[in-house]
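Observations on chain architecture
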Amino acid sequence: QVQLVESGGGLVQPGGSLTLSCAASGTIFNIYIMGWYRQAPGKQRELVADITSGGNANYLDSVKGRFTISRDNAKNTVDLQMNILKPEDTAVYFCNLRQMRTSRLWDDYWGQGTQVTVSS
């Protein structure tokens, strides 16, 4: 089992910045990908950004150029630096980890969520 703990959420004004952090612990042997999802009230959960162990990152179009995801494989952590925040970024952000058990079988793990509120 893997546990994910998120931190760094809070209230920020439009145009401001926040950095979210996620630390994984437990039975970790082959992390395939780590990422951040978010869900706003009344909206679907969406992938914000993810990153492979090799450092290849993928971003939601609306956050490209503003958010940066980074990963420390040695520490099993993933961060999301969020700049030029907009009110539409307001959501609960969830850390996600996918761990491979075999080449075709994996497990997904989720953090408890951290609230990000962008408001003046």
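The following paragraphs examine the structure supplied in this document. Residues take numbers from 1 onward in each chain, read along the sequence in its written order. In view of the model being predicted, local features appear only for residues whose pLDDT reaches at least 70, and side-chain atom pairs are presented and counted only at 80 or more, with totals across whole chains, interfaces and linings using the full set of residues. Think of the side-chain values as coming from all heavy atoms in the structure, minus any hydrogens and water.

Thoughts on the sheet that holds strand 8 (residues 77-82)
Strands pair, by our definition, only if DSSP identifies at least two bridges between them. Comment: elements are numbered from the N terminus, with helices defined as DSSP H or I runs of at least four residues and strands as E runs of at least two. Spatial ordering of the open sheet is given by 1-3-8-7, a layout of 4 strands whose pairing is antiparallel. In this open sheet, the two strands that pair with only one neighbour each are strand 1 (2-7) and strand 7 (67-72). Pairs of neighbouring strands in the sheet enclose a mean axial angle of 15°, with direction left out of account. One ladder, built from 6 bridges, connects strand 7 with strand 8; its direction is antiparallel. In the strand pairing of strand 8, Asp72 is matched with Thr77. Working convention: axes come from line fits to C-alpha atoms, limited for helices to the stretch in contact. Angles between N-to-C directions cover 0 to 180 degrees.

Comments concerning the packing of aromatic side chains
To describe a pair of aromatic rings, one takes the distance between the centres and the angle between the planes. Pairing of aromatic side chains requires ring centres within 6.5 Å, counting the rings of Phe and Tyr and the six-membered ring of Trp. Pairs whose planes differ by under 30 degrees are stacked, by over 60 edge-to-face, and all others tilted. This model, assessed by the stated rule, comprises 1 aromatic pair. The ring centre of Tyr37 lies 5.5 Å from the NZ or CZ of Arg45, which sits over that ring. Comment: the charge-over-ring label is applied if NZ (Lys) or CZ (Arg) is within 6 Å of the ring centre and within 35 degrees of the ring normal.

Regarding the state of the cysteines
A pair of sulfur atoms, both from cysteines and within 2.5 Å, is called a disulfide here. A full pass over the atoms with the stated rule returns 1 disulfide. Across the disulfide, Cys22 is cross-linked to Cys95 (sulfur-sulfur distance 2.0 Å). As the torsion about the S-S bond is roughly -85°, the Cys22-Cys95 disulfide counts as left-handed. Taken together, the residues Cys22 in strand 3 (residues 18-26) and Cys95 in strand 9 (residues 91-100) connect sequence positions 73 residues apart.

Note that every value here comes from positions in space, so none of it alone points to a role or purpose.
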